[in-house]
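Below, each chain spelled out in residue letters.
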Amino acid sequence: RSDRLGFVTNSVSDRTLQDLQNGPGECQHAHLCQSSRGCCCVRNSCCGQHAHVAAGAWTRATEPFKDGSATEGSTGIGTELTSLSSTQHAYNKKREKDKMGIVSAYTRKGFFAMMYSLVSESVDQKFHSVKEKLFEEVPEACDVLEIGPGVGANFKYYRNLKSLTAYEPNTHMHQQLREQASESGIKHFVLVGEGAEDLFESAIGKFDVVVSTLVLCSVKQPDVVLKNVETWLKPGGKFLFLEHVAEQKGTSMRWFQTFISPFTRFAFDGCHADRCSDCTIAAFPGFKAEVHEYYTPKDLFFWTQRNVYGVAVKA
């Protein structure tokens, strides 16, 4: 069960680790599932996305950056969900390799994290003017949630926040996120190793602002993410977005985006080159959105020149 944002109580018996090795079987831990996708039992083949909950592999941990003042259960800098079970990691990696073949999902995420850390600064420079304008919408002393922050390229744009929570499922990026939060002077930072498609009930109505930059292209269900964002926002809260999107239908670039999309999904952590995130945001009934178009200079990733940004207010 979830006590508060970012913490999962470890309430499973030692038998769970034995169950982990036994493979599929009768579900014993359905009551622990925190998502709408059903059973998360590690012995049940219907769902493997939340096996860490059933195995009790996540617990509270703190790692203070500066003065060592963070304590167990606090929401200070460095508070993070960390895995205790090496057996669980081995099991998850085996599942992913079985699904993906020789190049496992774990390996691809590691490659993407390494590659993105190299290009993150140049990508940020392309959007610098837009981001400065966009992040003016973030008031001081507010609670902010950023989904898919990557290596923390946006952290330097925040000013005097009350708290910043980051949902980043790619654990290869977590160390850089912690370092960036410290360098940016963010006093209360919570890092959660889950994605935006998972609804955390303890976060309902908690945040003044939710931020998403270059994220919706990579998620499996954009509509689910937007619904979760609406749920996490306080009444009148703001959703700040910046996304690369598909070109207009019938253009040669749109054809190329569709052609290259299978490759980008494989190589760039699920990125859909031909996704129409602008239409998805504009049509979502829970927001009143202002969508602006922005073209970046042509570069190596020339198929991502067309972008949209804006602010959507919770209706």
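Note that the structure is a prediction, hence the values are computed from the model and not measured. (Residues numbered from 1 in each chain as written. Predicted model: local features only at pLDDT ≥ 70, side-chain atom pairs only at ≥ 80, totals over all residues. Heavy atoms only, no water.)

Can you break down the nonpolar core residue by residue, with the values?
In terms of nonpolar packing, the biggest core is built from 40 residues, with V138, V144, F155, Y158, L164 and F189 touching the most fellow members. Here the element with the most residues in this core is helix α4 (residues 105-126); it accounts for six residues. Apart from residues lying up to four places away in sequence, V138 is in contact with V144, Y158, L161, V209 and L240. Membership of the second largest hydrophobic core comes to 24 residues, among which are Y167, F241, F287 and A312. (Core = buried A, V, L, I, M, F, W, Y, C linked by side-chain atoms within 4.5 Å. Buried < 20%, exposed > 50% of the residue type's maximum accessible area, 1.4 Å probe, protein only. Helix = DSSP H or I, 4+ residues; strand = E, 2+ residues; numbered from the N terminus. Contact = heavy atoms within 4.5 Å.)

Can you tell me about the side chain of R275, naming the residues and giving the values?
Counting through the fold element by element, R275 comes out in the loop between α8 (252-267) and α9 (277-283). Buried and unpaired, R275 has no salt bridge, with D274 as the nearest side chain of opposite charge at 6.6 Å. There is a polar contact of 3.4 Å between the side chain of R275 and the side chain of H272. Contacts of R275, omitting those with residues within four sequence positions, involve L216, C217, S218, V219, K220, P222, H244, V245 and A246. (Lys, Arg positive; Asp, Glu negative; His and termini not counted. Salt bridge = Lys/Arg side-chain N within 4 Å of Asp/Glu carboxyl O. Polar contact = N/O pair within 3.5 Å; in protein donor to acceptor, adjacent residues only side chain to side chain.)

Give a detailed account of the pairing of strand β7 (residues 163-167), specifying residues and quantitative values.
Looking along a regular strand, one sees the side chains alternate between the two faces of the sheet. By the criterion of burial, β7 is predominantly enclosed, with five of the five residues buried. When strand β6 (residues 143-147) meets β7, the two strands line up parallel, connected through five bridges. Note that in β7 the partner of I147 across the bridge is Y167. Strand direction decides the pairing type here: β7 and strand β8 (residues 189-192), joined by four bridges, are parallel. In the sheet register, T165 faces β8, and the bridge partner there is V190. In this fold, the crossover linking β7 to β8 by way of helix α6 (residues 174-183) has right-handed handedness. (Pairing = 2+ DSSP bridges. Right-handed = clockwise from strand over helix to strand, strands pointing away.)

Could you give an account of the confidence of the model for the protein, naming the residues involved and the relevant values?
For the protein, per-residue confidence averages 75 on the pLDDT scale, and 66% of positions sit at 70 or higher. For residues 1-91, every residue scores under 50 in pLDDT, and the model assigns this stretch 163 contacts once sequence neighbours within four places are set aside. Across residues 93-103 the pLDDT falls below 50, and counting only partners more than four positions away or on other chains, this stretch makes twelve contacts in the model. (pLDDT = per-residue confidence, 0-100.)

Let's hear about the packing of aromatic side chains: which residues, and what values?
Applying the stated rule across the entire model yields 18 aromatic pairs. With a centroid separation of 5.3 Å and an interplanar angle of 20 degrees, the aromatic rings of F135 and Y157 are classed as stacked. Taken together, the residues span a long stretch of sequence, with F135 in the loop between α5 (128-134) and β6 and Y157 in the loop between β6 and β7 at a distance of 22 residues. An identical accessibility class is assigned to F135 and Y157; each is buried. Measuring from centroid to centroid gives 5.6 Å for F239 and F287, while their planes differ by 20 degrees, and the two rings are stacked. (Phe/Tyr/Trp six-rings, centres within 6.5 Å; stacked < 30°, edge-to-face > 60°.)

Quick one: what's the story with the pattern of salt bridges, residue by residue and with numbers?
Applying the stated criterion to the full structure yields nine salt bridges. R306 is paired through a salt bridge with E293; the nearest N and O atoms lie 2.6 Å apart. Linking R306 in strand β12 (residues 306-314) with E293 in strand β11 (residues 287-295), this pair joins segments that are 13 residues apart in sequence. Among the residues examined, E293 registers a relative accessible area of 47% and is labelled partly exposed. Within this structure, D124, K131 and K156 form a network of salt bridges that share partners.

Residue-level account of unusual backbone geometry, with values.
Despite not being glycine, A141 shows a phi value in the positive range, around 55 degrees. Residue placement: A141 occurs in the loop between α5 and β6. For A141, a relative accessible area of 57% gives the class exposed. You will see that N160, though not glycine, has its phi angle at about 50 degrees, which is positive. Structurally, N160 can be placed in the loop between β6 and β7.

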